[in-house]
Amino acid sequence: MSSNLPSLRGLAALDALARHKRQGAAAEALGISRSALSHRIADLEAELGARLVTRSGRVSMLTDEGTALLAAMGDAIGRIEAAVAPLQRRLRQIRLSTVNTLAANWLLPRLPRFQRAHPDIEIAVLTTQRVVDLDGEDVDCAIRNGMGDWPGIQARLLFRETLVPAAAPGLALGRPSDWPVIRARARFRDWPLWWQQTRQKGEAPAGGMVVENRAQALEAALAGAGVVLTDARYLDTHLAAGRLRVLGPVIALESGFHFVRSRAPRNPRNVDALARWLEDEGQAAPQAGWPPGASD
């Protein structure tokens, strides 16, 4: 391939000027200043050794050489821009993996605030129950639940995991030992742990509904099927909207939710910005809707 091809940026500036006639409108279409537009065209003229643009008052017109150049190019500029656009968008995008329960009940309600502060960053949230390979899959970062001691991975703690019982406001309940509890298969130890640490009387409920995961358990509680034991941070929006009520104290666990990242993300600055924001959100106090003292 020849090394004497003219600057693509200069050709794009010339094409924009041909379409818009005025430098200000052409610069705005390219998202650059008028000065930058003039410099790009001047550099292109220097590269080619030809005058490509002339001015008549406030209107810029192509010379015969400029017109011939664009005619020979045809729609090449448009086709190149169309091919490059998805790649440029991918550089702005962050692909974040996490579990569905966290995404739906903690992350997604908060993301609009991040996007208002960073309108140039696009977040693609990918939900899965498995642990993704940060360096082998098309993801930039993830929020993982655990102790944060994954080999070869730097983890930044967002918040410690908690457990708190909650139920729909209309659900009739007696003593805690008689609660119709909802259990997730992967979290069978949660109810005995909460029962013991909060020193409840009697035996922990042994029956109740069994579902596959915590997301389903929370959905069942919202439908009035029983009492769910879940992370306190999943309840903020549901309490504020009156869909759930807290039934007992919150206990803290040793495990937590951590931000982890690929060793070589395509957009390290964007990932850094997201990591800082998530840490701030993780340390924030519960939102409106908690009864006094319930989240202490």
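Let me begin by describing the structure that accompanies this report. (Residues numbered from 1 in each chain as written. Predicted model: local features only at pLDDT ≥ 70, side-chain atom pairs only at ≥ 80, totals over all residues. Heavy atoms only, no water.)

1. Digging into helix α10 (residues 268-283)
Structural remark: α-helix, 3.6 residues per turn; residues separated by three or four positions point the same way.
Piece 1. In a regular helix each residue adds 1.5 Å, so 16 residues correspond to 22 Å; α10 covers 23 Å between its end C-alpha atoms and thus fits that length.
Piece 2. Within the span of α10, buried status applies to Asn270, Val271, Ala273, Leu274, Ala275, Trp277, Leu278, Glu281 and Gly282. (Helix = DSSP H or I, 4+ residues; strand = E, 2+ residues; numbered from the N terminus. Expected span 1.5 Å × (residues − 1). Buried < 20%, exposed > 50% of the residue type's maximum accessible area, 1.4 Å probe, protein only.)

2. Side note on the packing of helix α1 (residues 8-20) against helix α3 (residues 34-48)
Piece 1. At a minimum axis separation of 8 Å, α1 and α3 run at an interaxial angle of 115°. Between α1 and α3, the interaxial angle falls into the category roughly perpendicular. In terms of crossing hand, the pair formed by α1 and α3 is left-handed. Mapping the contact onto sequence places Arg9, Gly10, Leu11, Ala13, Leu14 and Leu17 in α1 and Leu37, Arg40, Ile41 and Leu44 in α3.
Piece 2. When the residues that make up the contact of α1 with α3 are grouped by side-chain class, the tally is seven nonpolar, one polar and two charged. (Axes fitted to C-alpha atoms, helices over the stretch in contact; angles between N-to-C directions. Parallel < 35°, antiparallel > 145°, perpendicular 65-115°, else oblique. Left-handed = near helix turned anticlockwise from the far one by under 90°. Contact = heavy atoms within 4.5 Å. Nonpolar A, V, L, I, M, F, W, Y, C, P; charged D, E, K, R; others polar.)

3. A word on the pattern of salt bridges
Piece 1. Scanning all chains against the criterion turns up 14 salt bridges.
Piece 2. Between Glu279 and Arg156 there is a salt bridge, with the nearest N and O atoms lying 2.6 Å from each other. Here Glu279 is found in helix α10, whereas its partner Arg156 is found in strand β6 (residues 156-167), with 123 residues between them in sequence.
Piece 3. Given the relative accessible area of 24%, Glu279 is considered partly exposed. (Salt bridge = Lys/Arg side-chain N within 4 Å of Asp/Glu carboxyl O.)

4. Description of the packing of aromatic side chains
Piece 1. Within the structure shown, the criterion is met by eight aromatic pairs.
Piece 2. Look at Trp191 and Trp194: their rings are 6.0 Å apart centre to centre, the planes differ by 80°, and that puts the pair in the edge-to-face class. Of this pair, Trp191 and Trp194 both sit in helix α7 (residues 190-197), three residues apart, which is roughly one turn of the helix.
Piece 3. For Trp194, a relative accessible area of 0% puts it in the buried group. (Phe/Tyr/Trp six-rings, centres within 6.5 Å; stacked < 30°, edge-to-face > 60°.)

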